[in-house]
Amino acid sequence: MVLKGTMLACIILLCLQGVIFADCPAGSFMSARGCKKCGLDQYSAAGATSCTPCPKGMLSKKGSDSVNDCYHEKDATGDEVFYSVDPVTEIEYFTKKGAIVEEGPTEIINKGYVCPKGQTKCGNIDECVPNSGLCNGGPACSNGFDESAEFCTSFECPAEQQKCADGIQCFPSSGKCDKFKIPHCNDKSDDVGCTCKESEMVCADGNGCASLQRKCDGSTQCADGSDESRDICYVRGSGKCGIGTRKCATGNQCVAKGRMCDGSTQCIDGSDEAPVFCITYECPDYQIKCDGSKCLSRWNLCDSEPDCKDGSDEDPAWCAAYECPAAKKKCADGMQCVPKKLFCDGKADCTDGSDESEEECAEEKGEGKSIIEVRKGKGKQTIEKGERLKRVKELKE
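Remarks on the overall build of the chain
1) Next: What the chain contains, in helices and strands, is six helices and 26 strands.
2) Next: A burial count over the chain gives 36% of its 397 residues as buried.
3) Next: The contacts of the chain with a sequence gap of at least 6 include a subset with a gap of at least 24, amounting to 25%.
4) Next: Counting only carbon and sulfur atoms, one obtains 52% of the accessible surface of the chain, whose full area is about 23,800 Å².

Considering the side chain of E273
1) Next: Checked against the element boundaries, E273 lands in the loop between β19 (254-256) and α4 (275-280).
2) Next: Look at E273: it is buried, it has no salt bridge, and the nearest opposite charge is R259 at 7.3 Å.
3) Next: Among the polar contacts listed, one links the side chain of E273 to the backbone nitrogen of C261, at a separation of 3.1 Å.

Thoughts on the nonpolar core
1) Next: Counting residues in each nonpolar core, the largest one holds eleven residues, listed as C122, V129, L134, C135, C141, F145, F151, C152, F155, C157 and C170.
2) Next: Aside from chain neighbours lying at most four places away, what touches C122 is E127, C128, V129, C141, N143 and F145.

Brief notes about the packing of aromatic side chains
1) Next: Applying the stated rule across the entire model yields four aromatic pairs.
2) Next: The interplanar angle of 40° and the centroid separation of 5.0 Å between the aromatic rings of F145 and F151 together place this pair among those described as tilted. Comparing F145 with F151, the two get one shared label, buried.
3) Next: In textbook terms, an aromatic cluster arises when at least three aromatic residues are bridged by ring pairs, as seen for F145, F151 and F155.
4) Next: The ring of W299 carries K328 above its face, with NZ or CZ at 4.4 Å from the centroid.
5) Next: Residue placement shows K329 over the ring face of F343; its charged tip is 4.8 Å from the ring centre.

Quick notes on the state of the cysteines
1) Next: The final tally for this structure, using the stated rule, is 16 disulfides.
2) Next: The disulfide partner of C115 is C128, and the S-S distance across this bridge is 2.0 Å. A torsion of -90° about the S-S bond marks the disulfide between C115 and C128 as left-handed. Here C115, found in the loop between β9 (106-114) and β10 (119-121), pairs with C128, found in strand β11 (residues 128-130); they are 13 residues apart in sequence, far enough to count as distant.
3) Next: Taking the relative accessible area as the measure of exposure, C128 reaches 18% and is therefore buried.
4) Next: Here C164 connects covalently by a disulfide to C185, the sulfurs 1.9 Å from one another. The S-S bond linking C164 to C185 shows a torsion near -90°; that makes this disulfide left-handed. In this pair, C164 sits in the loop between β12 (161-163) and β13 (170-172) while C185 sits in the loop between β13 and β14 (200-202), placing the two residues 21 residues apart along the sequence.

Things to note about the confidence of the model for the chain
1) Next: Across the chain, the average pLDDT comes to 76, with 72% of residues at or above 70.
2) Next: Within the model, the stretch residues 1-21 combines pLDDT values under 50 with eight contacts to residues more than four positions away or in other chains.
3) Next: Counted against residues more than four places away or in other chains, residues 98-106, with its pLDDT under 50, gives 30 contacts.

Some remarks on the pattern of salt bridges
1) Next: Under the definition given, this model contains two salt bridges.
2) Next: For D262, the salt bridge goes to R259, with nearest N and O atoms at 2.9 Å.
3) Next: In this structure D262 comes out as buried when scored by relative accessible area, which is 18%.
4) Next: Taking the relative accessible area as the measure of exposure, R259 reaches 24% and is therefore partly exposed.

Structural notes on the environment of Y281
1) Next: Relative to the helices and strands, Y281 is located in the loop between α4 and β20 (287-290).
2) Next: Along the primary structure Y281 and K294 are separated by 13 residues, whereas in three dimensions their C-alpha atoms are 9.1 Å apart.
3) Next: Once residues lying within four places of it in the same chain are set aside, the contact partners of Y281 are R246, K257, M260, C261, K289 and C295.

Things to note about the pairing of strand β1 (residues 28-31)
1) Next: Bridge analysis of β1 against strand β2 (residues 34-37) gives four bridges, and the strand direction is antiparallel. Each bridged residue has a counterpart across the sheet, and for M30 the counterpart in β2 is C35.
2) Next: As consecutive antiparallel partners, β1 and β2 are separated by two residues.

Examining the pairing of strand β21 (residues 294-297)
1) Next: Taken together, the four bridges between β20 and β21 define a ladder with antiparallel strand orientation. Residue pairing across strands places I288 opposite L296, the latter belonging to β21.
2) Next: What sits between the antiparallel neighbours β20 and β21 is a turn of three residues, in which D291 has the positive phi angle 60°.

Concerning unusual backbone geometry
1) Next: Of note in this structure, C135 is not a glycine but carries a positive phi near 50°.
2) Next: In this structure, D291 takes a positive phi of about 60° despite not being glycine.
3) Next: By secondary structure assignment, the location of D291 is in the loop between β20 and β21.
4) Next: Judged by its relative accessible area of 30%, D291 is partly exposed.

Regarding the environment of D269
1) Next: Inspection of the secondary structure assignment puts D269 in the loop between β19 and α4.
2) Next: Overall, the relative accessible area of 34% leaves D269 in the partly exposed class.
3) Next: Taking the C-alpha atoms as reference points, D269 and Q253, separated by 16 residues in sequence, lie 9.4 Å from one another.
4) Next: Those residues in contact with D269, other than ones at most four positions away along the chain, are C248, A249 and T250.
5) Next: Reaching out from D269, the side chain makes a polar contact with the backbone nitrogen of A249 at a distance of 3.4 Å.
6) Next: Side-chain polar atoms of D269 contact the side chain of S271, separated by 2.7 Å.

Rules behind the numbers
- Residues numbered from 1 in each chain as written.
- Predicted model: local features only at pLDDT ≥ 70, side-chain atom pairs only at ≥ 80, totals over all residues.
- Heavy atoms only, no water.
- Helix = DSSP H or I, 4+ residues; strand = E, 2+ residues; numbered from the N terminus.
- Buried < 20%, exposed > 50% of the residue type's maximum accessible area, 1.4 Å probe, protein only.
- Contact = heavy atoms within 4.5 Å.
- Areas by Shrake-Rupley, 256 points an atom, 1.4 Å probe, with all protein chains shown as cover.
- Lys, Arg positive; Asp, Glu negative; His and termini not counted.
- Salt bridge = Lys/Arg side-chain N within 4 Å of Asp/Glu carboxyl O.
- Polar contact = N/O pair within 3.5 Å; in protein donor to acceptor, adjacent residues only side chain to side chain.
- Core = buried A, V, L, I, M, F, W, Y, C linked by side-chain atoms within 4.5 Å.
- Phe/Tyr/Trp six-rings, centres within 6.5 Å; stacked < 30°, edge-to-face > 60°.
- Lys NZ or Arg CZ within 6 Å of the ring centre and 35° of its normal.
- Disulfide = S-S within 2.5 Å.
- pLDDT = per-residue confidence, 0-100.
- Pairing = 2+ DSSP bridges.

Here you go:
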């Protein structure tokens, strides 16, 4: 027989490399560089050109030479576990021999999508939204399910919240009759039939209350604007300002005491921000004085944005000991106060980003999972879609 040049060259090269053209022993196979031992979970007979995998779900050591070397894995108790494929769901799993999961026909009870703790599924679509935003008047689900009458009518509002008149939307109980120009309820029912507090005045149309501290400050609270009307801001016939307000140095203009010396001029003559006046002016209880003359709302303290020229409102040592207002919460740095409603909203408001951290928002940011719930025999089990269970415990009724 005459060997062609290419084949002869290959044989010569292999011989130079020490390859012997003989059958490989059992437990190995012939590779381009000679005999090579079979890997884990494989076996081969003598003379094999490749290794054969053990039956699915079985294991073997390297260099195994027979299917008899393949063995079933054992669980923590020492019992063998066997591989199975459910014929209906096509789910792969390992189970103890004789477990109920292998008995009888498989029935698919439910195929679905489950959301992590602290979230709710958006109806018939595979999407989850935080429970904190359910039925609040602003849809979070792409299909609007979280604000639908179908879902929200039976939804129980969280603590410190209540339903609007429509029986669908929830709003903070603290917002009842607060008479903001933008109502909390889409149907505006949160500002209907209200009784004003002693610290408030009734709006002229009877459908709102306005803070006496903010009355006649140039910014309307009542929808009808009556808290800034001349009839309210001036005492008829006397030229005097109403309760909670103070007259500017010249003219008949009245300004709320809480807007005096706040860094923003309200009086036409500018007297409410005059240095000589503000140095001796006593700020209301809900404000503090800084720079020796400015009255600053406590709401703006320790918010990482300096309002005082001397920076005292953001002093680290002072802010570390400062207690945030009830509607705010400290960031992880222990100094900055951020509104609670801004935590876990997808946008970092804390300078250290802690309001959007995984630890803070674990319940808000988890992802949903597809699941299949199956019943075999007398038991049932929920299995995550695509999950390969290492061991299925015996199911119970």
